[in-house]
Amino acid sequence: MIKAEQKPLEEILLYLKSYDRILLSGCGACVTVCQAGGEKEVGLLASALRMARMKMGTPLEALEATPARQCEPEFAAELSETVEKVEAVLSVACGVGVQTLARHFPKTPVFPGVNTTFLGETVTHGVWEERCQACGNCILERTGGVCPVARCAKQLFNGPCGGSSKGKCEIKREADCAWQLIYDRLNGLGQLYRMEEIIPARRWGVESRDSGLRRIVREDLKV
Amino acid sequence: MVNFEPKIVAFCCDQSGYPAADMAGGLELNFPGNVEFVRVPCAGRIETLYLLKALERGADGVLIFACYEENCQFLRGNLRAKSRLSYAHRLLEKIGLEKERIEICHLATNCGPKLAETLHRKSEQLKKLGPNPAKI
Ligand code: SF4
Ligand code: SF4
């Protein structure tokens, strides 16, 4: 799922400096799971903002809402009435949700309340780690289900660099070396021969973000 | 502030803080003038939001009366309360409020006097800090 972290309060206060009445909108999906922008976090941030502004002598009215998924136009539409009553929106959904609201409400400024950080997995309660970079051509079938694009600091495709040491990455000592993980996993599966298959160079300029905006069109689903 | 009687919201765990408050009442120990007790089944029930909301809605200070560490009936409730408290402290700093406004006190059912003393000490401390400037 998409992972995000709340922006520093002082930064958010700066965005909202010239507004007295805002909507703080969360999202009931990914950011609820990583506890950055769900209903609870909306309540907590709204409370903190109100108090900070009260203390500054410029009270802020913060309405609260948490649509089920902020990145779907139908759910954004549900906010229409509330958005009419405010001067600006602070969204603690991921960057996608922020943009959905911005597109939907052309006359209302929409500010991001979180930094959208990565596509990741819950390692344990309170710990999330990057797993996928949405590279556009998944090769997990060749690497035992461990992604070298997201998890190898150098995004190497054919075995570790010379800096892999005791299972850790030379770039980030606290991180596991992705190629050690791949080796261990293939070893466990009895598929070490896979390490000898060369993964060909990728067409980054065609498949990945390097080619510009990507789009998926399913004619069968269009209405 | 001559007549300032700080409002304290005291969250009381049902396994320690609440029976201790009951005991203090039975012993006719007096409490500061403006305390609101909130009974919770376990300190682990206290969300960070409750701590902030109490201040937002008019409290000058908040106390959490929880079981001694390693004494939680639900194993980790008091530790959860402690980590939420430290998160709340970080938020208070950013809001510009003194973090002393929210505090945790560990006790057991038979600690009525400790509870009353803690409330009095908190009340005196809050009198020095003055009213919560961020309450709505
Ligand atoms: S190979 Fe690409 S699509 Fe597959 S997990 Fe890695 S980044 Fe994601
Ligand atoms: S040590 Fe491992 S994870 Fe780090 S850059 Fe080298 S191969 Fe990639």
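Residues numbered from 1 in each chain as written. Chains lettered and ligands numbered in written order. Predicted model: local features only at pLDDT ≥ 70, side-chain atom pairs only at ≥ 80, totals over all residues. Heavy atoms only, no water.

A. Representation of the sheet that holds strand β6 (residues 114–124) of chain A within the structure. All names here are of chain A. Spatial strand order, β1-β6-β7: three strands in an open sheet with antiparallel pairing. The sheet is open, and its two borders are formed by β1 (2–6) and β7 (127–132), each paired with just one other strand. Strand after strand, the sheet turns through a mean of 70° between neighbouring axes, direction not considered. Across five bridges, the pairing between β6 and β7 is antiparallel. Bridge assignment links E121 to a residue of β7, and that residue is E129. (Pairing = 2+ DSSP bridges. Helix = DSSP H or I, 4+ residues; strand = E, 2+ residues; numbered from the N terminus. Axes fitted to C-alpha atoms, helices over the stretch in contact; angles between N-to-C directions.)

B. Focus on the interface of chain B and chain A. At the junction of the two partners, chain B supplies 17 residues and chain A supplies 14 residues. Surface buried jointly by chain B and chain A totals about 1400 Å² across both partners, of which 70% is contributed by carbon and sulfur atoms. Among the ionic pairs, R50(A) bridges to E56(B), the shortest N-O distance being 2.9 Å. On the surface where chain B and chain A come into contact, there are four residue pairs in polar contact (both at pLDDT 80 or more). Sort the elements by how many residues they give to the side of chain B that touches chain A and helix α2 (residues 48–56) of chain B lands first, with six residues. For the side of chain B that touches chain A, a count of residues per class yields ten nonpolar, two polar and five charged. (Contact = heavy atoms within 4.5 Å. Buried area = accessible area lost by both parts, 1.4 Å probe. Salt bridge = Lys/Arg side-chain N within 4 Å of Asp/Glu carboxyl O. Polar contact = N/O pair within 3.5 Å; in protein donor to acceptor, adjacent residues only side chain to side chain. Nonpolar A, V, L, I, M, F, W, Y, C, P; charged D, E, K, R; others polar.)

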